Amino acid sequence: MSALEFQTIVLSFFISNIIITIVMAYVWFQNRKRFAGTSRWFIFHILFTIGMFFLMLRKSVPYFVSSVITHSLIICGLMFFYIGLQRFIGKKASYVKVTVYFLIFFLLSIYFSYIFPSTKIRIIIYSLYFVIINSQAIYLLLFQTDRRQRVIYRNTAFVCGLMVILYTIRIVVVFLYTPGTESFLQGPVDSILVMASQMLNIGMTFSLVLMINSRLFLEVQDFANEKEMMALELRKLANTDGLTGIFNRSKIEQALTIEVLRSRRYKHPLSIIMADIDHFKEVNDTYGHNVGDQVLSGIASMIKQHVREVDTVGRWGGEEFLIVCPETTAEGAKKLAEKLRKKIEKHNFKDVGSKTVSMGVAQIEEDDWDEDMIKRADKNLYKAKKSGRNRVE
């Protein structure tokens with residue numbers, strides 16, 4: 001392959017770098033306030049492009065520029081690429097480490113350009129830096145990131161892996177190559193390696209863009225999930241009594257309306273239980289409202305624990321509770337109420353001791369609506385209170 005053809009390949013590499021640098025400039029401008037690291041990737045592409053420009057003009061620029069500055073710019077850009085990855089995934093950027101790396105490369109380039117001139121060694125060192133930095137990038141992306149987010153970084157890690165393979169091949173080929181180094185630099189082998197590097201550089205740009213888009217998608221998804229959880233929590237708060245954790249009056253009224261409509265349509269039995277804590281005012285007056293709240297919560301918890309799954313429990317107001325019992329006759333509701341009454345009576349509340357409840361039961365009758373059932377249950381509850389409390393009517 002002639003020198004002209006090699007120069008054409010380098011020119012193509014330079015032009016493609018200009019294009020992807022423009023792309024990264026746009027990506028940086030769009031995401032600079034959202035994601036850290038994008039500015040470093042933009043700098044990486046700028047330095048890489050400048051380095052390719054000097055490489056293209058290596059016979060027209062001073063030897064120091066073509067042998068030291070050109071490759072130092074590219075390696076410096078590669079350092080910025082790595083720092084950008086660290087910032088993007090939320091890791092602290094190791095500027096001291098990469099600065100030391102760069103200074104070592106810069107000094108080695110000078111040494112093997114002027115003190116002990118060896119283009120072969122310079123190529124090996126240059127390629128070795130690509131292997132080391134891309135290997136560190138793979139480790140960073142696949143082992144130092146959150147497991148849930150690693151799928152976002154695998155494309156970039158894959159391209160880094162290909163870079164490691166490519167430049168390892170270049171090291172091996174250069175090490176085994178015996179003819180003059182200049183013939184190698186302009187030969188078909190290095191031309192193929194340069195073209196492969198160009199393709200991987202383009203692939204790296206796309207992988208970075210995909211990585212940003214994936215992070216955006218994940219953040220949108222997380223926001224949507226968070227919003228959905230907040231909506232569920234708000235619905236729960238809207239339907240739940242804040243003190244006892246059972247349904248509030250609005251929700252239990254809604255549940256009763258649904259069951260009444262179903263019962264009227266299908267002619268199925270439906271009963272309700274109205275429960276009231278006996279002498280509850282004395283608890284608040286004697287022990288304070290905090291203890292009273294504990295008694296309310298404890299009784300609500302016991303009621304909810306010992307009703308059937310199909311039953312619905314809610315706080316009707318104050319110290320009153322309503323239990324909606326679908327597919328249940330008055331007799332069945334009375335048995336359930338008696339079971340609950342005995343459970344509560346046997347329970348020992350802290351500071352207060354035992355407490356009792358009075359209950360009124362009502363079954364739906366023909367042409368009954370919610371209000372009719374509530375009135376009868378409330379009437380029976382009042383009857384239980386008048387008959388000595390701690391009983392079911």
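A quick note: this is a predicted structure, and the numbers were derived from the prediction, not measured.

The rules we used
Residues numbered from 1 in each chain as written. Predicted model: local features only at pLDDT ≥ 70, side-chain atom pairs only at ≥ 80, totals over all residues. Heavy atoms only, no water. Core = buried A, V, L, I, M, F, W, Y, C linked by side-chain atoms within 4.5 Å. Buried < 20%, exposed > 50% of the residue type's maximum accessible area, 1.4 Å probe, protein only. Helix = DSSP H or I, 4+ residues; strand = E, 2+ residues; numbered from the N terminus. Contact = heavy atoms within 4.5 Å. Pairing = 2+ DSSP bridges. Axes fitted to C-alpha atoms, helices over the stretch in contact; angles between N-to-C directions. Expected span 1.5 Å × (residues − 1). Bend = angle between axes of the 7 residues up to and from the residue. Salt bridge = Lys/Arg side-chain N within 4 Å of Asp/Glu carboxyl O. Parallel < 35°, antiparallel > 145°, perpendicular 65-115°, else oblique. Left-handed = near helix turned anticlockwise from the far one by under 90°.

Trainee: Just checking my understanding: could you explain the nonpolar core for this structure?
Mentor: In globular proteins that are soluble, nonpolar side chains generally tend to be buried together. Trp 41, Phe 81 and Leu 85 are the most contacted members of the largest nonpolar core, which has 59 residues in total. For this core, the elements supplying multiple residues, two or more each, are α1 (3–31), α2 (38–56), α3 (63–88), α4 (95–115), α5 (119–143), α6 (150–176) and α8 (188–239). Counting residues per element, this core draws most heavily on α5, which supplies 12 residues. If near-sequence neighbours (up to four positions away) are discounted, Trp 41 is found in contact with Met 24, Phe 80, Phe 81, Gly 84, Leu 85, Phe 88, Leu 208, Met 211 and Ile 212.

Trainee: What am I meant to see in the environment of Asp 351 here?
Mentor: Here Asp 351 is to be found in the loop between α12 (330–346) and β4 (357–363). Spatially, the C-alpha atoms of Asp 351 and Val 283 are 9.7 Å apart, while their sequence positions differ by 68 residues. If we ignore the near neighbours within four places in the chain, the residues touching Asp 351 are Tyr 287 and Val 291.

Trainee: Please clarify how the sheet that holds strand β2 (residues 312–317) should be interpreted in this entry.
Mentor: Pairing between the strands of a sheet is mediated by backbone hydrogen bonds and can be parallel or antiparallel. Ordered in space as β2-β3-β1-β4, the 4 strands form an open sheet in which the pairing is antiparallel. Unpaired on one side and paired on the other, β2 and β4 mark the two borders of the sheet. Direction aside, the axes of adjacent strands within the sheet are offset by 20 degrees on average. One ladder, built from 7 bridges, connects strand β1 (residues 270–277) with strand β3 (residues 320–326); its direction is antiparallel. Bridging from a neighbouring strand, Asp 276 pairs with Glu 320 of β3. Seen against the sheet, helix α9 (residues 249–266) touches β1, β2 and β3 and runs at an angle of roughly 125 degrees to β2. Its contacts with the sheet place helix α13 (residues 370–386) against β1, β2, β3 and β4, and it is angled at close to 145 degrees to β4.

Trainee: When you look at α3 in this model, what are you seeing that I'm missing?
Mentor: Since one α-helical turn is 3.6 residues long, residues separated by three or four positions face the same way. In this model α3 runs 37 Å from its N-terminal to its C-terminal C-alpha over 26 residues, within 8% of the 38 Å that 1.5 Å per residue would give. The largest bend in α3 amounts to roughly 30 degrees and is located at Ile 69. Burial analysis of α3 places 20 of its 26 residues in the buried class, which makes it a mostly covered element. Immediately downstream of α3, the backbone of Gly 90 shows phi near 90 degrees, a positive value.

Trainee: Mind showing me how you'd approach the pattern of salt bridges here?
Mentor: Note on pairing: side chains with opposite charge can pair once their charged atoms come close. Applying the stated criterion across every chain yields a total of 13 salt bridges. Notably, a salt bridge pairs Lys 385 with Asp 276, separated by 2.4 Å at the nearest N-O pair. With Lys 385 in helix α13 and Asp 276 in strand β1, this residue pair connects regions lying 109 residues apart in the sequence. Taken as a pair, Lys 385 and Asp 276 share a single burial class, namely buried. For Lys 385, the salt bridge goes to Asp 278, with nearest N and O atoms at 2.9 Å. Of this pair, Lys 385 sits in helix α13 while Asp 278 sits in the loop between β1 and α10 (280–287), and the two are 107 residues apart along the sequence.

Trainee: Whenever I open this one, the pairing of β3 confuses me. Can you help?
Mentor: Sheet faces and side chains relate simply in a regular strand, where the side chains alternate between the two faces. The element β3 is extensively covered by neighbouring structure, given that 7 of its 7 residues are classed as buried. Inspection of the sheet shows β2 paired to β3 by 5 bridges, in the antiparallel sense. Each residue of the ladder has a partner; that of Val 313, found in β3, is Ile 323. Joining the antiparallel neighbours β2 and β3 is a turn of 2 residues, in which Gly 318 adopts a positive phi near 60 degrees.

Trainee: How do you make sense of unusual backbone geometry when you look at a structure like this?
Mentor: With the exception of glycine, the majority of residues adopt a negative phi angle, and the majority of peptide bonds are in the trans configuration. Even without glycine at this site, His 279 takes up a positive phi of about 50 degrees. Within the fold, His 279 resides in the loop between β1 and α10. Take His 279: its relative accessible area is 39%, and that puts it in the partly exposed class. Unlike most non-glycine residues, Asp 367 shows phi in positive territory, near 70 degrees. Here Asp 367 lies in the loop between β4 and α13.

Trainee: Looking at this structure, I do not really get the packing of α5 against α6. What am I missing?
Mentor: Helix-helix packing is characterised by the crossing angle of the two axes and by the distance between the axes. Close contact between α5 and α6 brings their axes to 8 Å; oriented N to C, the two are set at 160 degrees. When the axes of α5 and α6 are compared, the pair comes out roughly antiparallel. Two packed elements cross with a definite hand, and for α5 against α6 that hand is left-handed.

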